[in-house]
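Letter by letter, the chains look like this.
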Amino acid sequence: SQVGIDGSGQVIGTGDSGLDMNSCYFTDPAVNFRAGVTLDNTGLQVFSSSSHRKVLLYVGMQDMTDGYGHGTHTSGSLAGSVAGADSVNA
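Residues numbered from 1 in each chain as written. Predicted model: local features only at pLDDT ≥ 70, side-chain atom pairs only at ≥ 80, totals over all residues. Heavy atoms only, no water.

- With an unreviewed UniProt entry as reference, the chain is termed Peptidase_S8 domain-containing protein, source organism Haematococcus lacustris.
- Looking at the Sequence similarities (unreviewed entry) heading of the UniProt record, one finds this comment for the chain: "Belongs to the peptidase S8 family." (UniProt positions renumbered as here; feature names shortened; annotations may be inferred.)

Comments concerning the sheet that holds strand 3 (residues 57-60)
Part 1 of the argument: An order of 1-2-3 is seen for the 3 strands of this open sheet, with the pairing classed as antiparallel. Every interior strand has two partners, whereas the edge strands, strand 1 (37-39) and strand 3, have only one. If you compare each strand with its neighbour and ignore which way they point, the axes differ by 25° on average.
Part 2 of the argument: Pairing analysis gives 4 bridges linking strand 2 (residues 45-48) to strand 3, with the strands arranged antiparallel. In the sheet register, Gln45 faces strand 3, and the bridge partner there is Gly60. (Pairing = 2+ DSSP bridges. Helix = DSSP H or I, 4+ residues; strand = E, 2+ residues; numbered from the N terminus. Axes fitted to C-alpha atoms, helices over the stretch in contact; angles between N-to-C directions.)

Have a look at this one:
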């Protein structure tokens, strides 16, 4: 960032149609997303990780995909960066 602000260390939350974890903005080759999905006590699918590069917690209210694409789009605007891109750390 030109002014030294890149979003590092910040945590945000959003609710929308879902999140495509295979999107280039949210994929993490070092973390197996599917293996990290569990069911909570209400039967919802939950992904939780302390090491994923972008997603700490994802609760799938319908499923663990984003069939509409809107949630991935808005989340990408808020926190996305292409995996492996050194120029964008937000």
